[in-house]
Amino acid sequence: MSIPLALRAAPMVPSSGTFALPCSRISASYTAIVLGFDRLEGGVGWFLDQTNAQLKSTDNFGANIGNNKLMPSGVTNPASLRRFKNHVYLLAATGVYRSPPKPVRNDQFEWSAALLTPTAGAGFLGVCMEANDDFLFVCEYGDPTGGPKLYRTSDGVTYDTVLTDATARHFHAVALDPYRPGHVYVTSGDGIANTTWRSTDNGDTWSVVVSSSVWQAVQVSFCPRYVWMAADNQRGTVMVMDRDRLEPFWASTNWHAMIARPAGNQFYRNAYHGVVDPDTGVYYAVANDVSAGGDRAGLFYLPKVGGELVLLDELTTQTSAVARPAYIAGGQLWFGQFKKGLLAVRRA
């Protein structure tokens with residue numbers, strides 16, 4: 001059963017005042033891009049100083065960002081950093097690298113050589129690498145020869161191909177369900193039937209659980225009841241599905257692209273990055289895809305499944321500033337160059 005997508009304008013929350021304060025830049029002195037947070041060391045996160053092509057870190061959820069940290073040789077624009085067991089892993093166009101954690105913000109990383117190099121034609125998005133206690137997963141974006149691959153490693157050094165799809169142009173994202181240990185989701189595109197894959201045994205076996213390009217998605221996030229998928233299809237903003245029924249439906253009764261802009265025109269039509277706050281069930285969507293039409297980025301929130309998306313902030317910036325994954329850490333929403341305190345909205 002689907003919730004119909006009604007193409008009507010939703011009420012707009014002002015981007016000032018006590019209810020919806022505007023987003024703030026992660027750094028006021030340089031262009032800082034969030035790259036991820038350490039799942040084992042509370043408060044530790046990583047940022048790209050895009051102005052100076054430098055890597056930086058925090059050990060207190062961004063309250064203080066340390067001095068420049070070394071990046072692997074030849075790397076200037078990493079896609080993401082993730083913690084897996086006793087190392088931090090960096091994903092870049094040239095492959096996967098690792099270093100001891102160095103949680104103190106001014107300690108230098110000690111990077112390895114590339115441990116995994118991509119297939120010819122492949123690239124990576126910030127949502128192409130994730131880890132749990134047992135495995136690190138990396139999936140290929142871009143246009144890899146022979147179709148994209150999903151890699152898995154248990155030691156960080158030896159990588160096995162556990163999924164490939166010759167019908168797909170690329171994989172969009174890999175995501176690990178914290179509420180169902182061993183469940184792994186992979187989204188793919190573009191315009192193919194095998195839209196979302198799932199494994200229930202940490203990648204040993206796979207099945208297609210969403211088989212229509214109508215539901216094409218990128219970033220995947222989770223709350224206790226639903227799997228949330230940020231849409232990449234110009235039909236809606238975010239889909240959800242129950243883990244047992246595996247039937248996607250539109251989470252909101254409206255589409256963010258039809259919300260009236262204060263200055264006219266239209267928000268970017270795709271919001272393929274977004275994340276749910278698992279404590280409240282509030283979903284945050286970032287309109288960020290300049291290639292799909294529209295002329296302005298925006299941040300929106302959905303208070304509950306079946307509710308209406310509401311504009312939180314019309315972001316006066318180019319899409320490159322927000323075309324990165326969304327994270328929830330330290331009581332804040334992080335995406336691209338921005339951060340924002342989470343809304344205290346309760347489930348109905």
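Right, let's walk through the structure included here. (Residues numbered from 1 in each chain as written. Predicted model: local features only at pLDDT ≥ 70, side-chain atom pairs only at ≥ 80, totals over all residues. Heavy atoms only, no water.)

Check the secondary structure of the protein and you find zero helices and 28 strands. The C-alpha atoms of the protein give a radius of gyration of 19 Å, which matches the 20 Å a tight globule of 348 residues would have. Dimensions of the protein, computed from C-alpha atoms along their principal axes, come out at roughly 50 × 45 × 35 Å. Within the protein, the fraction of its 348 residues that count as buried is 59%. In the protein, once contacts between residues fewer than 6 apart in sequence are set aside, the share between residues at least 24 apart is 48%. On the protein, roughly 13,300 Å² of surface is accessible, and the fraction owed to carbon and sulfur atoms is 49%. With 29 positive and 29 negative side-chain charges, the protein shows a separation of 5 Å between the mean positions of the two kinds. (Helix = DSSP H or I, 4+ residues; strand = E, 2+ residues; numbered from the N terminus. Rg over C-alpha atoms; globule rule 2.2 N^0.38 Å. Buried < 20%, exposed > 50% of the residue type's maximum accessible area, 1.4 Å probe, protein only. Contact = heavy atoms within 4.5 Å. Areas by Shrake-Rupley, 256 points an atom, 1.4 Å probe, with all protein chains shown as cover. Lys, Arg positive; Asp, Glu negative; His and termini not counted. Charge placed at Lys NZ, Arg CZ, Asp CG, Glu CD.)

Moving on: the packing of aromatic side chains. This structure, assessed with the given rule, holds 15 aromatic pairs. Plain terms: the ring middles of Y185 and F222 are 5.7 Å apart, the flat faces sit at 50 degrees to each other, and that makes the pair tilted. Of the two residues, Y185 is situated in strand β15 (residues 184-189) and F222 in strand β18 (residues 217-222); the sequence distance between them amounts to 37 residues. For F222, a relative accessible area of 9% corresponds to the buried category. Put simply, the rings of F37, F47, F61, Y327 and W334 touch in pairs and so form one group of aromatic residues. Positioned above the aromatic ring of Y30, the side-chain terminus of K56 is 5.1 Å from the ring centre. Note that R152 overlies the ring of F135, its terminal NZ or CZ placed 4.6 Å from the centroid. (Phe/Tyr/Trp six-rings, centres within 6.5 Å; stacked < 30°, edge-to-face > 60°. Lys NZ or Arg CZ within 6 Å of the ring centre and 35° of its normal.)

All quantities given are derived from atomic positions and should not be read as evidence of function.
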